[in-house]
Amino acid sequence: MASAPENEKNASAPEKKTLTLKSMINNEEFVVDEHVALQSVTIKNMVDSDCAGDVIPVPTISGEILALVIEYCKNHANPSASEDDLKKADAGIVAKDIYTLIDLVLAANFLDIKGLLEVTSQKIADSIKDLPHQDVREIFGVENDYTPEEEAAVRAEHDWAFEGFP
Amino acid sequence: MAASTSASSSSPAAPSSTAAADSSLHLIKQMNAGKARNGNIKCRKFQSTACSNRKKKSCVPSLPEEIVFFILVRLPADILHNSAQYVCWQWYSMIHNPCFIYEHLRRSTTSGFFIQHGTLPYTPCFAELGKTNATVTEVSFPFPIEVLATCDGLVLFRDRQNRDGLPLFRDRKNMTIRVANPLIKKVVTVPPLTVQGYHYYSFSLAWARSTREYKVVFTYGSNLGLEDFDCMVVTLGKDHAWKLINNSTKFPNSFRKLFRYCPLSEGGFLYWAYFDFPFVVTLDVESEMFYEFPSPAVLCGGGYTSVHCLIRGKSLSCMVQFLGSPGIMFWDVWDLCDPMSGEWKKLYRIEWDFNQRRSRQVFKGLLSQPAVKTAFAPIAWVNNGEVVLFCVSCSRGPYIAYNVKTGETFTFGSHAYDVWSYFWRDYAYSLVWLTPSSLITRGRGGS
């Protein structure tokens, strides 16, 4: 089923094909060139298997975040961009507060865009690196589920442990 | 659908907008298919068992596990150990998972270098390099040590008290050799050596790639005439005793001089490469096979003033120094492409023009002595092979850090006059240990 429309596409697409991505959170729509959107493996799989309609709904991702994702994809779809340019552009995209970064990393994971997932994870790691673990808990919405005994046991690992040879 | 910014997407709410239902479901399916293909995620099974005893709410944070993995694997080992593991149980078990530790090691780059002074107070230190400065901190050990080698955050050492007691050859058999990870504070004793009467020797630590075991290699000259040498090896956490590597006899005598020097260790290979010896010898620690090939000192056809071999990133690198017209010094940096065939590639030329005002500022007091320019000795490559550290070997002075990509140069710290009694090696903390992580287990059944 995938091969027949493939030929058709090649024949009838000297002009740029576009896709519309729609955020299901605030119904914002983005029209993007197909080759830009196809950097998302998730979208590519949909298009390849002919499941994409005219408008591709994107659940759980807000328009604000989707705009960042599309900016990333546009930069990386440009064949004339140098590695340094891309690095600078990526740094600009992830120069956001931690909560935006968390939404962005979720979006990158959902849309399966490896490069964006990597730069965003790295940026989050850099941002939380120097924070006390209590703050990290708050940011990630994680509950402290250590029992006092467990926490004591983990802290005890900070004493030297000696092992002999077998 | 949840609009909250940190809403969970691990189980996206069933699509409520009816028109989009089909496509949304498809997207979710695609997402899951994408996950299954991703080879990096190996910890899921481990995780789910770790969480199974817990109440659902406390073990399902807002981020899916694979994203937590992606983020944590990018944190430095000391942050993971000293802070991140206290966040929650899920993070603790992920950080202690062998797959995670391996992936973390694979990504990590040597962020600084390990120093041990050869004179009192002998304190082992770690100098971590930033962009324009360095932070030097003491490295924790349970007793005084003398560092012999490092590998993947592990440190091979002998107890200092042994050496300070009786430094006679015959007493060396009493020395206690140990391996420690100073971050996670674990130390293991290496089985005692049974060899006696050796003349020169070196210890090194390396990793056998496929089994992921660490081996200590002991090279020694068996008599005073330097004619014979032997190599012994012990696999940590597994072997009870040292065993001889038998194929070392195939080398001609000229190589034997090389074995008097301590090898460098990286990526499962040991490298004997010293100054302008025309050959480099490597040992594949896993197969215990030796390889030999020419060093760049031969390839560049002479004219150099000195040659230094160091580990750069994940391979052996050789720096050949030349003096140009007065005040100009340059280094050619060669990288070894393949540790078995010995193919070298010239990557950079570092050029220092001491006539320039800018470099005079950086090197300040260092340039007063005429001999100094030839005494610049590279001692380690750090920060993913981007920064090379130098010391000036004939005078007391600071370390010099030079970034080969940006040309940025700065000085920090100081070393004493006698630089040859120092131990310097590129280093980064890791979570690596020899035996599988002894995880604290949650004893209570499904409360």
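A quick note: this is a predicted structure, and the numbers were derived from the prediction, not measured. (Residues numbered from 1 in each chain as written. Chains lettered and ligands numbered in written order. Predicted model: local features only at pLDDT ≥ 70, side-chain atom pairs only at ≥ 80, totals over all residues.)

A short note on the overall build of chain A
Part 1: Check the secondary structure of chain A and you find nine helices and four strands.
Part 2: When the helices and strands of chain A are listed from N to C terminus, the series reads α-β-β-α-α-β-α-α-α-α-α-α-β.
Part 3: Split into buried and exposed, the 166 residues of chain A put 33% on the buried side.
Part 4: Long-range contacts, defined here as pairs at least 24 residues apart, represent 63% of the contacts in chain A between residues at least 6 apart. (Helix = DSSP H or I, 4+ residues; strand = E, 2+ residues; numbered from the N terminus. Buried ≥ 20, exposed ≤ 12 C-beta atoms within 10 Å, placed from the backbone. Contact = placed C-beta atoms within 7 Å.)

With respect to the overall build of chain B
Part 1: For chain B, the count of helices and strands is eleven helices and 24 strands.
Part 2: Within the span of chain B, comprising 447 residues, buried residues form 39% of the whole.
Part 3: The contacts of chain B with a sequence gap of at least 6 include a subset with a gap of at least 24, amounting to 49%.

A word on the nonpolar core
Part 1: Residues Val69 of chain A together with Leu72 and Leu389 of chain B are the most contacted members of the largest nonpolar core, which totals 151 residues.
Part 2: Considering each element in turn, this core owes the most residues, nine residues, to helix α6 (residues 98-111) of chain A.
Part 3: Composition of this core by domain shows at least three residues from each of domain 1 (26-106) and domain 2 (108-427) of chain B.
Part 4: Those residues within four positions of Leu72 of chain B in sequence are excluded, and the remaining contacts are Leu80, Ala84, Trp91, Met94 and Ile95 of chain B. (Core = buried A, V, L, I, M, F, W, Y, C linked by C-beta atoms within 7 Å. Domains from an automatic or database assignment.)

A few points about the sheet that holds strand β12 (residues 264-266) of chain B
All names here are of chain B.
Part 1: Here four strands make up an open sheet; going across it, the order is β12-β13-β14-β15 and the pairing antiparallel. Edge positions in the sheet fall to β12 and β15 (289-294), since each of these pairs with one other strand and no more. Shown here is a sheet whose adjacent strand axes are inclined to one another by a mean of 25°, direction ignored.
Part 2: Of the pairings in the sheet, the one linking strand β13 (residues 269-272) to strand β14 (residues 279-284) comprises four bridges and is antiparallel in character. Bridge pairing links Trp272 to Val281 in β14. (Pairing = 2+ DSSP bridges. Axes fitted to C-alpha atoms, helices over the stretch in contact; angles between N-to-C directions.)

Regarding unusual backbone geometry
When glycine is set aside, most residues are seen to have a negative phi, and most peptide bonds are trans.
Residues and elements named next belong to chain B.
Part 1: Not every positive phi belongs to a glycine, and Asn383 is a case in point at roughly 45°.
Part 2: Relative to the elements of secondary structure, Asn383 occurs in the loop between β20 (376-382) and β21 (387-392).
Part 3: A positive phi is found at Asn384, a non-glycine position, where the angle reads about 60°.
Part 4: On the secondary structure map, Asn384 appears in the loop between β20 and β21.
Part 5: What makes Asn384 partly exposed here is the crowd of 14 C-beta atoms within 10 Å.

With respect to the sheet that holds strand β7 (residues 186-189) of chain B
Part 1: Pairing in this open sheet of five strands is mixed, and the strands run β4(A)-β7(B)-β6(B)-β5(B)-β4(B) from one edge to the other. Two strands close off the open sheet at either side, each with one partner strand: β4 (161-163) of chain A together with β4 (145-151) of chain B. This sheet shows a mean twist of 25° between the axes of neighbouring strands, independent of strand direction.

Considering the UniProt feature "domain: SKP1 component POZ" (unreviewed entry) in chain A
Part 1: When the UniProt feature table is mapped onto this chain numbering, "domain: SKP1 component POZ" (unreviewed entry) sits at residues 26-77 of chain A.
Part 2: The span residues 26-77 of chain A is 52% helical and 17% strand by assignment, and the distance between its end C-alpha atoms comes to 26 Å. (UniProt positions renumbered as here; feature names shortened; annotations may be inferred.)

Section: the packing of α6 of chain A against helix α7 (residues 114-128) of chain A
All names here are of chain A.
Part 1: Where α6 meets α7, the closest approach of the two axes is 9 Å, and the angle between their N-to-C directions is 150°. In terms of orientation, α6 lies roughly antiparallel with respect to α7. Between α6 and α7 lies a crossing of left-handed hand. Only Leu116, Leu117, Thr120, Ser121, Lys123, Ile124 and Ser127 of α7 make contact with α6, whose side of the interface consists of Ile98, Leu101, Ile102, Leu104, Val105, Ala108 and Asn109. (Parallel < 35°, antiparallel > 145°, perpendicular 65-115°, else oblique. Left-handed = near helix turned anticlockwise from the far one by under 90°.)

Details of the domain arrangement of chain B
All names here are of chain B.
Part 1: Assigned domains of chain B: these are domain 1 (26-106) and domain 2 (108-427).
Part 2: Across the contact, six residues belong to domain 1 and six residues belong to domain 2.
Part 3: Only α5 (77-82) and α7 (98-107) provide two or more residues apiece to the side of domain 1 that touches domain 2.
Part 4: Of the residues in the side of domain 1 that touches domain 2, the class split is three nonpolar, two polar and one charged. (Nonpolar A, V, L, I, M, F, W, Y, C, P; charged D, E, K, R; others polar.)

Structural notes on helix α4 (residues 65-72) of chain B
Part 1: Judged by how many residues are buried, α4 of chain B sits mostly within the fold: seven of eight residues are covered.
Part 2: Those residues of α4 of chain B that sit buried are Glu65, Ile67, Val68, Phe69, Phe70, Ile71 and Leu72 of chain B.

Thoughts on the environment of Tyr274 of chain B
Part 1: The topology assignment puts Tyr274 of chain B in the loop between β13 and β14.
Part 2: Residues Tyr274 of chain B and Leu310 of chain B, 36 residues apart in the sequence, show an inter-C-alpha distance of 9.4 Å.

Side note on the UniProt feature "domain: SKP1 component dimerisation" (unreviewed entry) in chain A
Part 1: As recorded in UniProt, the sites labelled "domain: SKP1 component dimerisation" (unreviewed entry) are residues 114-161 of chain A.
Part 2: Overall, residues 114-161 of chain A shows 67% helix and 2% strand. The separation of its end C-alpha atoms is 40 Å.

So, the environment of Lys405 of chain B
All names here are of chain B.
Part 1: With respect to the secondary-structure elements, Lys405 resides in the loop between β22 (397-403) and β23 (409-415).
Part 2: Taking the C-beta count within 10 Å as the criterion, Lys405 has 11 such neighbours and is therefore assigned exposed.
Part 3: Taking C-alpha positions, Lys405 is 14 Å from Asp332, a pair spaced 73 residues apart along the chain.

Focus on the packing of helix α4 (residues 63-77) of chain A against helix α5 (residues 83-93) of chain A
All names here are of chain A.
Part 1: Put simply, α4 and α5 touch, their axes get as near as 10 Å, and they point 180° apart. Between α4 and α5, the angle is such that the two are roughly antiparallel. For the pair formed by α4 and α5, the contact residues are Leu68, Glu71, Tyr72, Asn75 and His76 on the first element and Leu86, Ala89 and Ile93 on the second.
Part 2: Partitioning the contact of α4 with α5 into residue classes produces five nonpolar, two polar and one charged.

Observations regarding the confidence of the model for chain A
Part 1: Looking at chain A, pLDDT values average 87 and 90% of them are 70 or higher.
Part 2: When mean pLDDT is compared element by element in chain A, α7 of chain A scores highest at 96, while helix α1 (residues 3-12) of chain A scores lowest at 48. (pLDDT = per-residue confidence, 0-100.)

Digging into the pairing of β7 of chain B
Part 1: Only one face of β7 of chain B is buried, namely the one carrying Lys186 and Val188 of chain B, since none of Val187 and Thr189 of chain B on the opposite face is buried.
Part 2: Examined bridge by bridge, β4 of chain A and β7 of chain B share three bridges and lie parallel to one another. Looking across to β7 of chain B, one finds that Phe162 of chain A is bridged to Val187 of chain B.
Part 3: Pairing of strand β6 (residues 177-181) of chain B with β7 of chain B, which is carried by four bridges, proceeds in the antiparallel orientation.

So, the environment of Gly268 of chain B
Residue and element names in this part refer to chain B.
Part 1: For Gly268, the location among the structural elements is in the loop between β12 and β13.
Part 2: Between the C-alpha atom of Gly268 and that of Arg158, which follows or precedes it by 110 residues, the distance is 22 Å.
Part 3: Those residues in contact with Gly268 that lie beyond four places of it in its chain are Ala206, Trp207, Ala208, Arg209, Asp284, Val285 and Glu286.

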